[in-house]
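Overview (structure and organization)
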Amino acid sequence: MENTFSKETAILIFANSAAAETRLKKTVANLDLFHALTSRTIHIAKASGLPFFHFTEKQQQGATFGERFSNAVQAIYEKGYANVITIGNDSPQLKASHIIEAERQLQLGKTVLGPTTDGGFYLMGLHRSNFDPKLFLSLPWQRFGLFNKIFLLFESYDSHVFRLPVLHDIDTKEDIVNILRFSKTIAISILKILSSLLKKHIRIVSKNVQILQHHFTSLHFNKGSPVLMQFS
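Residues numbered from 1 in each chain as written. Predicted model: local features only at pLDDT ≥ 70, side-chain atom pairs only at ≥ 80, totals over all residues. Heavy atoms only, no water.

Digging into the sheet that holds strand E1 (residues 9-14)
Note the threshold: Whether two strands pair depends on DSSP finding at least two bridges between them. Segments assigned H or I by DSSP are reported as helices when at least four residues long, segments assigned E as strands when at least two residues long, and all are numbered from the N terminus. Axis definition: a line fitted to C-alpha atoms, limited for helices to the stretch in contact. Angles are taken between N-to-C directions and run from 0 to 180 degrees.
Judged by pairing direction, the sheet is mixed, and its six strands sit side by side in the order E2-E1-E3-E5-E4-E6 without closing on themselves. Each edge of the open sheet carries a strand with a single partner, namely strand E2 (52-55) and strand E6 (161-163). Each adjacent strand pair in this sheet contributes to an overall mean axis angle of 20°, direction not counted. Pairing of E1 with E2, which is carried by four bridges, proceeds in the parallel orientation. Each residue of the ladder has a partner; that of Ile11, found in E2, is Phe52.

Spelled out as C-alpha cells, the structure:
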C-alpha cells in the first residue's frame with residue numbers, strides 16, 4: 001500500500017538499543033531477537049513512506065519512562081510536524097499498512113491507538129493539539145490498563161479515537177508462546193528466532209522438572225503440582 005498523503009506526519013520509533021533491551025527484558029534477553037525486531041521496525045517505517053526518527057536510550061531524556069516518552073514526542077513536534085505516530089520495536093505483527101491507516105485517520109482529524117493484548121498500545125497517532133505533556137506524565141506507563149487510561153484521556157479532549165486491530169507484543173516468554181500461534185503474521189526471520197528461544201526454554205524447564213522428580217521420588221504430586229509449576 002503506497003502512502004499518498006502529505007508529509008505533515010512523522011514516525012517516532014521509541015525503542016532502546018538491542019543491548020539495552022536485553023538488560024531490561026531479562027526473560028526474553030536475546031541480542032539477535034532485538035536486532036531483528038528493530039531492523040524489521042525500521043523497514044516498516046521506511047515502507048510507509050513517512051519520515052521517521054529512532055530514539056534509543058541515547059536520545060531519550062528523562063528520569064522515568066513517561067518523561068522519556070513525552071519528551072521524545074515533544075521533540076518531533078518541535079521539528080515542525082503536526083502529527084506524530086509512535087511505535088516501538090516489540091510488536092512483530094506490525095505492518096506498514098497499520099501506519100498508513102493511522103495517518104489516514106489523522107488526516108480525518110482522529111486520534112489513533114493500536115491496542116496490545118496486555119493492555120498497552122503498539123501505536124499511537126496524535127495531533128499536536130491533543131498532546132499535553134503534563135497529563136501524559138500522569139498516565140500509568142508500563143502498567144496494565146494503560147490503553148484504557150489513555151483512551152479516556154483522549155476522549156476527554158472530545159477527540160474521536162480510531163482503534164487499529166489488537167496485536168501482540170513481546171515482553172515475556174509467555175508472550176512468545178502466544179504470538180507463535182499467529183505465525184503467519186510474523187516475518188520468517190523473527191519467527192525462527194522466537195521458535196528457537198521457545199525450544200530452548202522448554203528444554204530448560206524439562207530439565208528442571210526431571211531434576212525435581214529425581215529429588216522427590218518418594219513423593220507423589222498430582223499433575224500441575226505447585227512445586228512443579230514454580231519452575232515453569
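Okay, back to it.
Some thoughts on the nonpolar core
Rule in force here: Residue types Ala, Val, Leu, Ile, Met, Phe, Trp, Tyr and Cys, when buried and joined through side-chain atoms within 4.5 Å, form a set referred to as a nonpolar core. Type-normalised accessible area, obtained with a 1.4 Å probe on protein chains alone, sets the label of each residue: buried when under 20%, exposed when over 50%, and partly exposed for intermediate values. Two residues qualify as a contact provided that any one of their heavy atoms is within 4.5 Å of a heavy atom in the partner residue.
Among the nonpolar cores identified, the biggest contains 26 residues, and Leu113, Phe121, Met124, Phe136 and Ile150 are the most heavily contacted of them. The dominant element in this core, judged by the number of residues it contributes, is helix H6 (residues 146-156), at six residues. Setting aside its immediate chain neighbours within four residues, Leu113 contacts Phe121, Leu123, Met124, Phe147, Ile150, Phe151, Phe154, Val161, Phe162, Arg163 and Leu164. Counting 18 residues, the second largest nonpolar core, distinct from the first, contains Ala15, Ile44, Leu50 and Tyr122.

Considerations on the confidence of the model for the chain
Operational definition: Per-residue confidence from the predictor is given as pLDDT, running between 0 and 100.
On average, the chain scores 83 in pLDDT, and the residues at 70 or more come to 83%. Scored below 50 in pLDDT, residues 203-232 makes twelve contacts in the model with residues more than four places away or belonging to other chains.

Quick notes on the packing of aromatic side chains
The criterion, for reference: Within 6.5 Å between ring centres, the rings of Phe, Tyr and Trp (the latter by its six-membered ring) count as paired, and their orientation is classed by plane angle as stacked under 30 degrees, edge-to-face over 60, tilted in between.
Across all of its chains, the model carries 13 aromatic pairs by this definition. An angle of 45° between the planes, with centres 5.8 Å apart, marks the rings of Phe65 and Trp141 as tilted. Here Phe65, found in helix H3 (residues 65-77), pairs with Trp141, found in the loop between helix H5 (133-137) and H6; they are 76 residues apart in sequence, far enough to count as distant. Classification of Phe65 by relative accessible area gives partly exposed; the value is 23%. The interplanar angle of 65° and the centroid separation of 6.4 Å between the aromatic rings of Phe69 and Phe121 together place this pair among those described as edge-to-face. Taken as a pair, Phe69 in helix H3 and Phe121 in strand E5 (residues 121-127) lie far apart in primary sequence, 52 residues in all. Across this residue pair, the class does not change: Phe69 and Phe121 are buried.

Considering H3
Heads up, the condition is: In this analysis, the expected span of each helix is defined as 1.5 Å times one less than the number of residues it contains. The arc refers to the directions leading from the helix axis to the C-beta atoms.
In this model, H3 (13 residues) spans 19 Å end to end at C-alpha, consistent with the 18 Å of a helix rising 1.5 Å per residue. Within H3 the residues assigned to the buried category are Gly66, Phe69, Ser70, Ala72, Val73, Ile76 and Tyr77. One face of H3 carries all of its buried residues, which in axial projection span an arc of 160°. For H3, the elements touching its buried residues are E1, E2, strand E3 (83-87), E5 and H5.

A look at the pattern of salt bridges
Short version of the rule: A side-chain nitrogen of Lys or Arg and a carboxyl oxygen of Asp or Glu constitute a salt bridge if their distance falls within 4 Å.
Considering all chains together, one arrives at three salt bridges under this definition. The salt bridge partner of Arg104 is Glu101, with a shortest N-O separation of 3.1 Å. You can see Arg104 and its partner Glu101 sitting in helix H4 (residues 96-107), three residues apart, about one turn around the helix. Beyond isolated ion pairs, a larger network of salt bridges with shared partners links Lys25, Asp90 and Asp171.

Re the pairing of E1
Of all six residues in E1, six are buried, a share of seventy percent or more. Side chains Thr9, Ile11 and Ile13 of E1 all project onto a buried face; the interleaved residues Ala10, Leu12 and Phe14 project onto the opposite face, where all are buried too.

Some thoughts on the layout of surface pockets
Condition: Lining residues are defined by having an atom within 4 Å of a point belonging to a cavity or pocket. Those points lie on a 1 Å grid over the protein atoms alone, cavities being sets where a 1.4 Å probe fits but cannot get out and pockets being open sets with protein on both sides within 12 Å along at least five of seven lines. Grid points are joined across faces, edges and corners, and a volume is the space filled by probe spheres set on the points.
One number sums up the size of the largest pocket: a volume of about 760 Å³. Of all the secondary structure elements, the ones that give two or more residues to the lining of the largest pocket are helix H1 (18-24), H3, E3 and E5.

Quick look at the environment of Arg128
Relative to the helices and strands, Arg128 resides in the loop between E5 and H5. By relative accessible area, which is 45% here, Arg128 ends up partly exposed. Not counting residues up to four positions away in its chain, the partners in contact with Arg128 are Tyr77, Gly80, Tyr81 and Ala82.

Some words on H6
Within H6 the residues assigned to the buried category are Leu146, Phe147, Ile150, Phe151, Leu153 and Phe154. Along the axis of H6, the buried positions cluster into a sector of 160°, meaning they face one direction only. Exposed and facing more than 90 degrees away from the buried side of H6 are Asn148 and Leu152. Considering only its buried residues, H6 is in contact with strand E4 (111-115), E5, H5 and E6. Where H6 terminates, the next one or two residues include Asp158, which has phi positive at roughly 60°.

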